[in-house]
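Structural characterization, general
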Amino acid sequence: PTAGTAASGITIVEFFDYNCGYCKRMANTMKDVLKAHPDVKVVFKEFPILSESSQLAAKAALAIHQLKPAKYLDYHMMLMQHKGAYDMGALKDYAGQVQVDLNAFQKAMNSEAVLKEIQTVNELASASNIQGTPAIIIGEEFLPGAVPFAEVDKRIKALKEKKS
């Protein structure tokens, strides 16, 4: 899943877990980044490492992306604002709010494509030596932990200046 555009030639990759408190803080930072820099592409990497509930939420978000890609960011933000563990009731409620067919949603959650995406991200994280969340990569630079907006903004501006 992605948001923004790559018009600037700058991409940010974010690895996150829906049950990570620092990731929830980082979600607001990324939302602010997309608002301030709509020409930057953000690639979301579902990296559910904290619990079964994390796995369930990641599968739900990827199912939304599979069924209605344009609604992924809305769903992602709902999950990031959720308090407590995720259960099917909450995940289906949020899916209803983004107007996804609930039968298709449940089927997509356990589809081969969704399960393969989670496995691929786990392999990528392992190969990249990413062991925790949140973790972002801006251009060639790896930044672990919750990075404040001002820091991300500064790095994007420096990359844009370098490219011009």
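Presented here is a report on the structure given in the accompanying data block. Bear in mind the structure is a predicted one, so any value in this text is a computation, not a measurement. (Residues numbered from 1 in each chain as written. Predicted model: local features only at pLDDT ≥ 70, side-chain atom pairs only at ≥ 80, totals over all residues. Heavy atoms only, no water.)

1. Let's talk about the pattern of salt bridges
With the rule as written, the count across this model stands at 5 salt bridges. The partner of Glu-141 in a salt bridge is Arg-155, and the shortest N-O contact between them spans 2.0 Å. Note that Glu-141 is positioned in strand E5 (residues 141-144) and Arg-155 in helix H7 (residues 149-163), a separation of 14 residues in sequence. Looking at Glu-141, the relative accessible area reads 34%, which means it is partly exposed. Note that Glu-151 is salt-bridged to Arg-155, the shortest N-O span being 2.6 Å. One end of the pair is Glu-151 and the other is Arg-155, both in helix H7 and 4 residues apart, which spans about a single turn. Exposure remark for Glu-151: the relative accessible area of 23% places this residue in the partly exposed category. (Salt bridge = Lys/Arg side-chain N within 4 Å of Asp/Glu carboxyl O. Helix = DSSP H or I, 4+ residues; strand = E, 2+ residues; numbered from the N terminus. Buried < 20%, exposed > 50% of the residue type's maximum accessible area, 1.4 Å probe, protein only.)

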